[in-house]
Amino acid sequence: MADCEEPRAGFCVAVHEIAHKLDALDGLLDGTPPLPGPWQRGWARDFQAAYDALVADVDAGRETAIDGYAAEAPEEFFAVASEYHFSDPQALRSAMPKVAAHLEKFYGPSPFTDA
Ligand SMILES: [Zn+2]
């Protein structure tokens, strides 16, 4: 899988596309995959807050903690955050701890968590 040759770089197209597929399982590509009710509400709240903060950074021309492409749309934010979960979880955890916690619960621990 050529896109994963540098898995620590924070980018992995395969993970990105899988995240979009998981997101769309409930019929809506909106950055929130199907989850049990209370978790889905918490997910939506925490992802929205982190997304809004990222968009504000991009709009202000500030350097962003994760790839600024994530600010394109909520579904891209979920997909890009998923890439970081699998490839650079420390960066995600320090930049967006609540988002990182949701993704750890959703996907399981990142393979690089203890690296
Ligand atoms: Zn995408």
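What you see is a predicted model; the values in this text were computed from it and never measured.

1. A closer look at the packing of helix H1 (residues 13-23) against helix H3 (residues 74-87)
At a minimum axis separation of 8 Å, H1 and H3 run at an interaxial angle of 130°. The orientation of H1 relative to H3 falls into the category oblique. Handedness of the crossing formed by H1 with H3: right-handed. Taking contact as the criterion, the partners of Val15, His16, Ala19, His20 and Asp23 in H1 are, on H3, Glu75, Glu76, Phe78, Ala79, Val80, Ser82, Glu83 and Phe86. Among the residues making up the contact of H1 with H3, the classes are represented as six nonpolar, three polar and four charged.

2. Points about H1
When H1 is considered as a whole, its buried residues turn out to be Val15, His16, Ala19, His20 and Asp23. Along the long axis of H1, the arc covered by the buried residues comes to 140°, so they all point the same way.

3. Section: the coordination of the zinc ion
Around a metal, the idealised angle for a tetrahedral arrangement of four donor atoms is 109.5 degrees; for an octahedral arrangement of six donor atoms it is 90 or 180 degrees. Protein coordination at the zinc ion comes from His16 (NE2), His20 (NE2) and Glu76 (OE), with a distance range of 2.1 Å. Expressed as a motif, the donor residue spacing for the zinc ion is H-x3-H-x55-E. With a gap of 60 residues between them, His16 in helix H1 and Glu76 in helix H3 connect regions that are remote in the sequence. According to the relative accessible area criterion, His16 is buried, its value standing at 9%. Residue Glu76 is classed as buried on the basis of its relative accessible area, which comes to 12%.

4. What to know about the nonpolar core
The tendency in soluble globular proteins is for nonpolar side chains to be buried side by side. With 22 residues, the main nonpolar core has Ile66, Phe77, Leu92, Met96, Val99 and Leu103 as its most contacted residues. The set of elements that each furnish at least two residues to this core consists of helix H2 (37-59), H3 and helix H5 (97-107). Not counting residues up to four positions away in its chain, the partners in contact with Phe77 are Phe47, Ala50, Tyr51, Leu54, Ile66, Ala70, Met96 and Val99.

5. As for the side chain of Glu83
The topology assignment puts Glu83 in helix H3. There is a polar contact of 2.9 Å between the side chain of Glu83 and the backbone nitrogen of Cys12.

6. Thoughts on the confidence of the model for the protein chain
Residues of the protein chain with pLDDT of at least 70 account for 88%, and the chain-wide mean is 90. In the model of the protein chain, H1 stands out as the element of lowest mean pLDDT, 94, in contrast to H5, which has the highest, 98.

Quick notes on the rules
- Residues numbered from 1 in each chain as written.
- Predicted model: local features only at pLDDT ≥ 70, side-chain atom pairs only at ≥ 80, totals over all residues.
- Heavy atoms only, no water.
- Axes fitted to C-alpha atoms, helices over the stretch in contact; angles between N-to-C directions.
- Helix = DSSP H or I, 4+ residues; strand = E, 2+ residues; numbered from the N terminus.
- Parallel < 35°, antiparallel > 145°, perpendicular 65-115°, else oblique.
- Left-handed = near helix turned anticlockwise from the far one by under 90°.
- Contact = heavy atoms within 4.5 Å.
- Nonpolar A, V, L, I, M, F, W, Y, C, P; charged D, E, K, R; others polar.
- Buried < 20%, exposed > 50% of the residue type's maximum accessible area, 1.4 Å probe, protein only.
- Arc of directions from axis to C-beta.
- Donors = N, O, S within 2.8 Å, 3.2 Å for Na, K, Ca; no water.
- Core = buried A, V, L, I, M, F, W, Y, C linked by side-chain atoms within 4.5 Å.
- Polar contact = N/O pair within 3.5 Å; in protein donor to acceptor, adjacent residues only side chain to side chain.
- pLDDT = per-residue confidence, 0-100.

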